[in-house]
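Examination of the molecular architecture
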Amino acid sequence: MREHIMLKRKFGHFIVKRYASATISTKQKEDIPPKSHVFKKKLFTTHTELADNLAENAIFNKKGLLILNKPYGLKKEQKEEYRSNIQVALHPSVSKIDHLSFAGALPRLCESLSIDQLNLLKLPERYTSGISILSFKDSAKKRIEKYLRRPFIQPYTYLVLCNGIPKEEENSANLGITLQEKKNLKKVITLEEYSSNSSKSHKVFPLRIHYRVLDVNEELKISLLKLTANRNKWHCLRLYCATNLLSPCLGDWLFSPRVRYINNVAVLADPFNPIADSPVDLPDKILEALQIRKNDQKSIPLHMHLSKLDLSSIGVDNTFIAKPPEHFLWSCQQLGISVPEFYMNNCSMPFEKRIDSVEAT
(Lines give C-alpha, C1' and ligand atoms only; values in the text may rest on other atoms or scores of the structure.)
Protein backbone atom coordinates (compact mmCIF):
# COMPACT_ATOMS: atom_id res chain seq x y z
CA MET A 1 0.00 0.00 0.00
CA ARG A 2 1.15 3.52 -0.72
CA GLU A 3 0.09 6.43 1.47
CA HIS A 4 -0.70 9.77 -0.12
CA ILE A 5 -0.89 13.10 1.66
CA MET A 6 -3.10 15.75 0.12
CA LEU A 7 -4.65 19.10 0.81
CA LYS A 8 -8.44 19.06 0.85
CA ARG A 9 -10.61 22.10 0.46
CA LYS A 10 -13.74 22.09 2.57
CA PHE A 11 -16.00 25.10 3.05
CA GLY A 12 -13.24 27.52 2.05
CA HIS A 13 -10.53 25.96 4.26
CA PHE A 14 -7.72 23.53 3.54
CA ILE A 15 -7.12 20.47 5.67
CA VAL A 16 -4.46 17.75 5.47
CA LYS A 17 -5.79 14.27 4.83
CA ARG A 18 -4.19 10.91 4.03
CA TYR A 19 -5.54 8.24 1.75
CA ALA A 20 -4.11 4.90 0.70
CA SER A 21 -3.94 3.23 -2.67
CA ALA A 22 -2.42 -0.04 -3.72
CA THR A 23 0.63 -0.16 -5.94
CA ILE A 24 0.29 -3.33 -7.98
CA SER A 25 2.77 -4.65 -10.52
CA THR A 26 1.61 -5.68 -13.98
CA LYS A 27 2.07 -9.34 -13.13
CA GLN A 28 0.16 -8.95 -9.86
CA LYS A 29 -2.71 -7.25 -11.69
CA GLU A 30 -2.93 -10.14 -14.12
CA ASP A 31 -3.00 -12.61 -11.24
CA ILE A 32 -5.84 -10.93 -9.30
CA PRO A 33 -8.81 -13.35 -9.21
CA PRO A 34 -11.92 -11.68 -10.73
CA LYS A 35 -14.01 -12.49 -7.64
CA SER A 36 -11.55 -10.92 -5.19
CA HIS A 37 -12.51 -7.32 -5.89
CA VAL A 38 -15.36 -5.71 -3.97
CA PHE A 39 -16.92 -4.53 -7.26
CA LYS A 40 -17.26 -8.15 -8.39
CA LYS A 41 -18.48 -9.67 -5.15
CA LYS A 42 -21.65 -11.74 -5.49
CA LEU A 43 -23.82 -10.93 -2.47
CA PHE A 44 -26.74 -13.31 -3.05
CA THR A 45 -27.29 -16.51 -5.01
CA THR A 46 -30.96 -17.27 -4.21
CA HIS A 47 -34.15 -15.36 -3.53
CA THR A 48 -34.19 -16.90 -0.04
CA GLU A 49 -30.80 -15.36 0.80
CA LEU A 50 -31.92 -12.04 -0.64
CA ALA A 51 -35.23 -12.00 1.27
CA ASP A 52 -33.56 -12.95 4.57
CA ASN A 53 -31.05 -10.12 4.17
CA LEU A 54 -33.78 -7.59 3.35
CA ALA A 55 -35.84 -8.68 6.37
CA GLU A 56 -32.85 -8.57 8.73
CA ASN A 57 -32.00 -5.02 7.65
CA ALA A 58 -35.53 -3.60 7.44
CA ILE A 59 -35.56 0.13 8.20
CA PHE A 60 -39.24 0.56 9.11
CA ASN A 61 -42.13 -1.86 9.55
CA LYS A 62 -45.12 0.02 10.98
CA LYS A 63 -48.34 1.77 9.94
CA GLY A 64 -48.77 -0.47 6.90
CA LEU A 65 -45.36 0.56 5.50
CA LEU A 66 -42.22 -1.47 4.99
CA ILE A 67 -39.07 0.52 4.18
CA LEU A 68 -36.10 -1.52 2.92
CA ASN A 69 -32.57 -0.89 1.67
CA LYS A 70 -32.39 -2.24 -1.91
CA PRO A 71 -29.07 -3.79 -2.94
CA TYR A 72 -27.29 -2.43 -5.99
CA GLY A 73 -28.18 -4.07 -9.31
CA LEU A 74 -31.43 -5.70 -8.20
CA LYS A 75 -34.24 -5.42 -10.74
CA LYS A 76 -37.92 -5.06 -9.90
CA GLU A 77 -39.48 -7.94 -11.83
CA GLN A 78 -38.10 -11.37 -12.64
CA LYS A 79 -38.76 -11.05 -16.39
CA GLU A 80 -38.18 -7.33 -16.56
CA GLU A 81 -37.30 -6.03 -20.01
CA TYR A 82 -35.75 -2.60 -20.09
CA ARG A 83 -38.03 -0.55 -22.36
CA SER A 84 -36.18 2.75 -22.28
CA ASN A 85 -34.48 3.65 -25.55
CA ILE A 86 -31.59 5.32 -23.70
CA GLN A 87 -30.26 2.16 -22.02
CA VAL A 88 -28.56 -0.15 -24.47
CA ALA A 89 -27.04 -3.02 -22.54
CA LEU A 90 -26.89 -4.78 -19.18
CA HIS A 91 -24.10 -3.32 -17.05
CA PRO A 92 -21.42 -5.98 -16.38
CA SER A 93 -21.48 -5.19 -12.66
CA VAL A 94 -25.01 -6.64 -12.24
CA SER A 95 -24.79 -9.67 -14.51
CA LYS A 96 -24.15 -12.04 -11.58
CA ILE A 97 -27.53 -11.29 -9.97
CA ASP A 98 -29.55 -11.00 -13.18
CA HIS A 99 -31.52 -14.11 -12.16
CA LEU A 100 -32.77 -12.36 -8.98
CA SER A 101 -35.49 -9.73 -8.57
CA PHE A 102 -37.29 -7.85 -5.83
CA ALA A 103 -40.62 -9.45 -6.79
CA GLY A 104 -39.06 -12.90 -6.62
CA ALA A 105 -38.05 -12.34 -3.01
CA LEU A 106 -41.50 -11.17 -1.83
CA PRO A 107 -42.99 -14.59 -0.88
CA ARG A 108 -40.07 -15.39 1.42
CA LEU A 109 -40.03 -11.81 2.72
CA CYS A 110 -43.72 -12.02 3.65
CA GLU A 111 -43.06 -15.28 5.45
CA SER A 112 -40.10 -13.86 7.39
CA LEU A 113 -42.03 -10.77 8.52
CA SER A 114 -45.38 -12.56 9.06
CA ILE A 115 -47.11 -10.36 6.48
CA ASP A 116 -49.89 -11.65 4.19
CA GLN A 117 -49.09 -9.57 1.12
CA LEU A 118 -46.65 -6.85 0.06
CA ASN A 119 -47.04 -4.21 -2.65
CA LEU A 120 -44.02 -2.63 -4.34
CA LEU A 121 -44.71 1.12 -4.35
CA LYS A 122 -41.40 2.83 -5.13
CA LEU A 123 -37.97 1.37 -5.85
CA PRO A 124 -34.76 3.04 -7.00
CA GLU A 125 -33.86 2.18 -10.59
CA ARG A 126 -31.84 -0.99 -11.03
CA TYR A 127 -28.39 0.61 -10.93
CA THR A 128 -29.18 2.68 -7.82
CA SER A 129 -29.20 1.20 -4.33
CA GLY A 130 -31.14 2.48 -1.35
CA ILE A 131 -34.55 3.17 0.12
CA SER A 132 -37.48 1.18 -1.25
CA ILE A 133 -41.11 1.64 -0.24
CA LEU A 134 -43.51 -1.30 0.16
CA SER A 135 -46.94 -1.51 1.79
CA PHE A 136 -48.97 -4.23 3.43
CA LYS A 137 -52.16 -2.21 4.06
CA ASP A 138 -54.42 -0.64 1.43
CA SER A 139 -54.71 2.60 3.39
CA ALA A 140 -50.93 3.05 3.42
CA LYS A 141 -50.71 2.14 -0.26
CA LYS A 142 -53.23 4.83 -1.25
CA ARG A 143 -51.53 7.50 0.90
CA ILE A 144 -48.09 6.84 -0.55
CA GLU A 145 -49.29 6.63 -4.16
CA LYS A 146 -51.16 9.92 -3.81
CA TYR A 147 -48.16 11.57 -2.18
CA LEU A 148 -45.70 10.41 -4.85
CA ARG A 149 -47.93 11.78 -7.63
CA ARG A 150 -47.39 15.33 -6.42
CA PRO A 151 -45.07 16.95 -8.97
CA PHE A 152 -42.99 19.28 -6.82
CA ILE A 153 -42.29 17.40 -3.61
CA GLN A 154 -38.62 16.62 -2.94
CA PRO A 155 -38.61 13.66 -0.55
CA TYR A 156 -35.61 11.84 -2.05
CA THR A 157 -31.99 12.45 -0.99
CA TYR A 158 -29.15 10.71 -2.82
CA LEU A 159 -25.45 10.34 -2.10
CA VAL A 160 -23.43 10.52 -5.32
CA LEU A 161 -19.70 9.96 -5.76
CA CYS A 162 -18.57 12.05 -8.73
CA ASN A 163 -15.58 12.18 -11.03
CA GLY A 164 -15.18 15.94 -10.86
CA ILE A 165 -15.82 18.82 -8.48
CA PRO A 166 -18.71 21.26 -9.12
CA LYS A 167 -17.77 24.92 -9.36
CA GLU A 168 -20.17 25.84 -6.54
CA GLU A 169 -20.39 24.07 -3.20
CA GLU A 170 -24.19 24.29 -3.15
CA ASN A 171 -26.88 25.22 -5.64
CA SER A 172 -30.48 24.61 -6.71
CA ALA A 173 -32.10 24.34 -10.13
CA ASN A 174 -35.56 24.18 -11.66
CA LEU A 175 -35.18 22.31 -14.93
CA GLY A 176 -37.16 20.30 -17.42
CA ILE A 177 -36.20 16.90 -18.80
CA THR A 178 -37.30 15.74 -22.21
CA LEU A 179 -36.41 13.40 -25.06
CA GLN A 180 -34.99 15.28 -28.02
CA GLU A 181 -35.17 13.58 -31.42
CA LYS A 182 -32.59 14.12 -34.14
CA LYS A 183 -31.24 11.94 -36.94
CA ASN A 184 -33.71 9.19 -35.95
CA LEU A 185 -32.19 9.13 -32.46
CA LYS A 186 -33.69 10.15 -29.15
CA LYS A 187 -31.54 11.57 -26.38
CA VAL A 188 -32.60 12.76 -22.94
CA ILE A 189 -31.58 16.37 -22.20
CA THR A 190 -32.24 19.03 -19.59
CA LEU A 191 -34.00 22.32 -20.38
CA GLU A 192 -33.60 25.56 -18.48
CA GLU A 193 -36.80 26.96 -19.98
CA TYR A 194 -39.98 25.24 -21.16
CA SER A 195 -43.66 26.05 -21.51
CA SER A 196 -46.37 25.02 -19.08
CA ASN A 197 -48.21 23.38 -21.98
CA SER A 198 -45.28 21.06 -22.67
CA SER A 199 -45.33 20.04 -19.03
CA LYS A 200 -49.10 19.44 -19.03
CA SER A 201 -48.81 17.32 -22.17
CA HIS A 202 -46.00 15.30 -20.52
CA LYS A 203 -43.49 16.18 -23.21
CA VAL A 204 -41.35 17.82 -20.53
CA PHE A 205 -41.10 16.70 -16.91
CA PRO A 206 -40.17 19.25 -14.21
CA LEU A 207 -37.02 18.49 -12.24
CA ARG A 208 -36.55 20.30 -8.93
CA ILE A 209 -33.07 19.60 -7.66
CA HIS A 210 -30.68 20.82 -4.99
CA TYR A 211 -27.13 19.69 -4.37
CA ARG A 212 -24.48 20.23 -1.74
CA VAL A 213 -20.84 19.15 -1.84
CA LEU A 214 -20.15 17.07 1.28
CA ASP A 215 -16.48 16.30 0.71
CA VAL A 216 -13.80 16.59 -2.00
CA ASN A 217 -10.41 15.20 -2.94
CA GLU A 218 -8.70 18.05 -4.76
CA GLU A 219 -5.82 15.93 -6.02
CA LEU A 220 -7.99 13.24 -7.61
CA LYS A 221 -10.80 15.67 -8.55
CA ILE A 222 -13.40 13.51 -6.79
CA SER A 223 -16.41 14.80 -4.86
CA LEU A 224 -19.24 13.42 -2.73
CA LEU A 225 -22.55 15.16 -3.35
CA LYS A 226 -25.88 15.17 -1.60
CA LEU A 227 -28.66 15.49 -4.19
CA THR A 228 -32.27 16.20 -3.25
CA ALA A 229 -34.78 15.84 -6.09
CA ASN A 230 -38.42 15.25 -6.91
CA ARG A 231 -37.81 12.49 -9.47
CA ASN A 232 -35.22 10.38 -11.28
CA LYS A 233 -37.04 9.76 -14.55
CA TRP A 234 -34.81 8.72 -17.46
CA HIS A 235 -31.84 8.67 -15.06
CA CYS A 236 -32.04 12.47 -14.94
CA LEU A 237 -29.89 12.75 -11.80
CA ARG A 238 -27.01 11.09 -13.58
CA LEU A 239 -27.70 13.40 -16.51
CA TYR A 240 -27.65 16.47 -14.23
CA CYS A 241 -24.31 15.51 -12.67
CA ALA A 242 -22.72 14.97 -16.08
CA THR A 243 -24.19 17.74 -18.23
CA ASN A 244 -24.97 20.47 -15.70
CA LEU A 245 -22.18 19.97 -13.16
CA LEU A 246 -19.59 18.42 -15.52
CA SER A 247 -18.99 15.92 -12.70
CA PRO A 248 -20.34 12.56 -13.89
CA CYS A 249 -21.27 9.94 -11.35
CA LEU A 250 -18.56 7.33 -10.89
CA GLY A 251 -19.61 4.19 -12.76
CA ASP A 252 -22.08 6.01 -15.02
CA TRP A 253 -21.31 4.89 -18.57
CA LEU A 254 -24.60 6.28 -19.90
CA PHE A 255 -24.01 10.04 -19.64
CA SER A 256 -20.34 10.37 -18.65
CA PRO A 257 -19.21 10.15 -22.33
CA ARG A 258 -20.91 13.53 -22.91
CA VAL A 259 -18.19 15.08 -20.75
CA ARG A 260 -14.95 15.36 -22.73
CA TYR A 261 -11.60 16.73 -21.59
CA ILE A 262 -9.41 19.25 -23.41
CA ASN A 263 -6.12 19.95 -21.61
CA ASN A 264 -7.70 18.43 -18.47
CA VAL A 265 -10.61 20.88 -18.65
CA ALA A 266 -14.11 19.33 -18.76
CA VAL A 267 -16.30 20.41 -21.69
CA LEU A 268 -19.76 19.28 -22.75
CA ALA A 269 -20.21 17.45 -26.05
CA ASP A 270 -23.31 17.61 -28.24
CA PRO A 271 -25.35 14.53 -27.25
CA PHE A 272 -25.92 13.68 -30.93
CA ASN A 273 -22.24 13.79 -31.76
CA PRO A 274 -20.93 10.19 -32.04
CA ILE A 275 -18.13 11.10 -29.63
CA ALA A 276 -20.76 11.51 -26.86
CA ASP A 277 -21.27 7.73 -26.95
CA SER A 278 -17.58 6.86 -26.70
CA PRO A 279 -16.44 6.03 -23.13
CA VAL A 280 -13.78 8.20 -21.53
CA ASP A 281 -11.06 6.48 -19.51
CA LEU A 282 -10.83 7.43 -15.87
CA PRO A 283 -7.54 9.04 -14.76
CA ASP A 284 -4.78 6.59 -13.88
CA LYS A 285 -4.63 7.82 -10.26
CA ILE A 286 -8.32 6.98 -9.74
CA LEU A 287 -7.94 3.55 -11.34
CA GLU A 288 -4.90 2.90 -9.13
CA ALA A 289 -6.78 3.88 -5.99
CA LEU A 290 -9.71 1.64 -6.98
CA GLN A 291 -7.36 -1.21 -7.94
CA ILE A 292 -8.95 -1.46 -11.38
CA ARG A 293 -7.19 -2.11 -14.69
CA LYS A 294 -7.90 0.29 -17.55
CA ASN A 295 -9.50 -2.46 -19.65
CA ASP A 296 -11.79 -3.43 -16.76
CA GLN A 297 -13.37 -0.03 -16.04
CA LYS A 298 -16.85 -1.27 -16.95
CA SER A 299 -16.79 -3.38 -13.77
CA ILE A 300 -17.09 -0.17 -11.71
CA PRO A 301 -20.70 0.00 -10.43
CA LEU A 302 -22.77 3.16 -10.38
CA HIS A 303 -22.02 5.12 -7.20
CA MET A 304 -25.47 6.60 -6.60
CA HIS A 305 -27.40 5.68 -3.46
CA LEU A 306 -30.90 6.74 -2.35
CA SER A 307 -29.93 7.44 1.24
CA LYS A 308 -32.79 9.40 2.78
CA LEU A 309 -36.58 9.64 2.49
CA ASP A 310 -38.89 12.08 4.24
CA LEU A 311 -42.62 11.22 4.51
CA SER A 312 -43.46 13.63 7.33
CA SER A 313 -46.02 15.53 5.24
CA ILE A 314 -48.33 12.49 5.16
CA GLY A 315 -48.25 11.80 8.87
CA VAL A 316 -45.25 9.46 9.02
CA ASP A 317 -43.15 11.53 11.38
CA ASN A 318 -39.86 9.92 10.54
CA THR A 319 -36.87 10.36 8.28
CA PHE A 320 -35.62 7.06 6.89
CA ILE A 321 -31.90 6.52 6.40
CA ALA A 322 -30.35 3.71 4.32
CA LYS A 323 -26.67 2.90 4.75
CA PRO A 324 -24.67 2.98 1.48
CA PRO A 325 -23.58 -0.41 0.08
CA GLU A 326 -20.15 -1.90 0.65
CA HIS A 327 -18.73 -0.95 -2.74
CA PHE A 328 -19.77 2.71 -2.24
CA LEU A 329 -18.10 3.01 1.16
CA TRP A 330 -15.00 1.15 0.00
CA SER A 331 -14.58 3.51 -2.97
CA CYS A 332 -14.95 6.55 -0.71
CA GLN A 333 -12.26 5.21 1.61
CA GLN A 334 -9.90 4.42 -1.28
CA LEU A 335 -10.41 7.86 -2.82
CA GLY A 336 -9.96 9.81 0.42
CA ILE A 337 -13.62 10.83 0.77
CA SER A 338 -15.45 10.96 4.12
CA VAL A 339 -19.11 9.95 4.33
CA PRO A 340 -20.99 11.82 7.11
CA GLU A 341 -21.81 9.62 10.10
CA PHE A 342 -25.48 10.58 9.67
CA TYR A 343 -25.75 8.20 6.70
CA MET A 344 -23.88 5.24 8.13
CA ASN A 345 -26.74 3.21 9.60
CA ASN A 346 -30.10 1.85 8.47
CA CYS A 347 -32.53 3.67 10.74
CA SER A 348 -35.83 5.45 11.17
CA MET A 349 -35.13 8.82 12.76
CA PRO A 350 -37.87 10.61 14.77
CA PHE A 351 -38.54 14.30 14.19
CA GLU A 352 -36.58 15.52 17.23
CA LYS A 353 -33.35 13.74 16.20
CA ARG A 354 -33.80 14.90 12.63
CA ILE A 355 -33.73 18.51 13.82
CA ASP A 356 -30.60 17.86 15.89
CA SER A 357 -28.85 16.32 12.88
CA VAL A 358 -29.87 18.87 10.24
CA GLU A 359 -26.32 20.22 9.80
CA ALA A 360 -25.05 16.75 8.95
CA THR A 361 -27.56 16.22 6.16
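The paragraphs below set out a description of the structure included in this document. On a predicted model such as this, the values are computed, not experimentally measured, just so you know. (Residues numbered from 1 in each chain as written. Predicted model: local features only at pLDDT ≥ 70, side-chain atom pairs only at ≥ 80, totals over all residues. Heavy atoms only, no water.)

Another point: the overall build of the chain. What the chain contains, in helices and strands, is nine helices and 16 strands. Classification of the 361 residues of the chain by burial places 52% in the buried group. Counting only contacts in the chain whose residues sit at least 6 apart along the sequence, the fraction spanning at least 24 positions is 68%. Just so you have it, the chain exposes about 18000 Å², and 49% of that area is on carbon and sulfur atoms. (Helix = DSSP H or I, 4+ residues; strand = E, 2+ residues; numbered from the N terminus. Buried < 20%, exposed > 50% of the residue type's maximum accessible area, 1.4 Å probe, protein only. Contact = heavy atoms within 4.5 Å. Areas by Shrake-Rupley, 256 points an atom, 1.4 Å probe, with all protein chains shown as cover.)

It is worth spelling out the nonpolar core at this point. Counting residues in hydrophobic clusters, the biggest one holds 43 residues, and the most contacted among them are Leu 227 and Leu 237. In contact with Leu 237, not counting residues within four places along its chain, are Tyr 158, Leu 207, Ile 209, Leu 227, Ala 229, Arg 231, Asn 232 and Met 304. (Core = buried A, V, L, I, M, F, W, Y, C linked by side-chain atoms within 4.5 Å.)

In the Ramachandran plot, Lys 63 falls in the positive-phi region, its phi being about 55° despite a non-glycine side chain. One can find Lys 63 in the loop between strand E3 (60-62) and strand E4 (65-70). Among the residues examined, Lys 63 registers a relative accessible area of 46% and is labelled partly exposed. One non-glycine residue, His 235, adopts positive backbone phi at about 55°. For His 235, the position within the fold is in the loop between strand E11 (222-229) and helix H6 (236-244).

Turning to the side chain of Thr 128, a few remarks are in order. In this fold, Thr 128 is placed in the loop between strand E5 (119-122) and strand E6 (129-135). When its relative accessible area of 0% is taken as the criterion, Thr 128 is described as buried. Other than its neighbours up to four places away in sequence, Thr 128 contacts Lys 70, Tyr 158, Leu 302, Met 304, His 305 and Leu 306.

It is worth spelling out helix H2 (residues 47-56) at this point. Taken together, the buried positions of H2 are occupied by Leu 50, Ala 51, Leu 54 and Ala 55. Each buried residue of H2 sits inside an arc of 130° when the element is viewed along its axis, so together they form one side. Residues of H2 that are buried make contact with E4 and helix H3 (102-113). (Arc of directions from axis to C-beta.)

For the rest of this paragraph, the subject is the pairing of strand E13 (residues 265-268). When strand E12 (residues 259-262) meets E13, the two strands line up antiparallel, connected through four bridges. When the bridges of E13 are listed, Val 259 appears paired with Leu 268. (Pairing = 2+ DSSP bridges.)

Right, let's talk about the environment of Lys 285 for a bit. Here Lys 285 is to be found in helix H7 (residues 284-290). Residues Lys 285 and Glu 219, 66 residues apart in the sequence, show an inter-C-alpha distance of 9.2 Å. Apart from residues lying up to four places away in sequence, Lys 285 is in contact with Glu 219 and Leu 220. Engagement of the side chain of Lys 285 in a polar contact is seen with the side chain of Glu 219, the distance being 3.3 Å. (Polar contact = N/O pair within 3.5 Å; in protein donor to acceptor, adjacent residues only side chain to side chain.)

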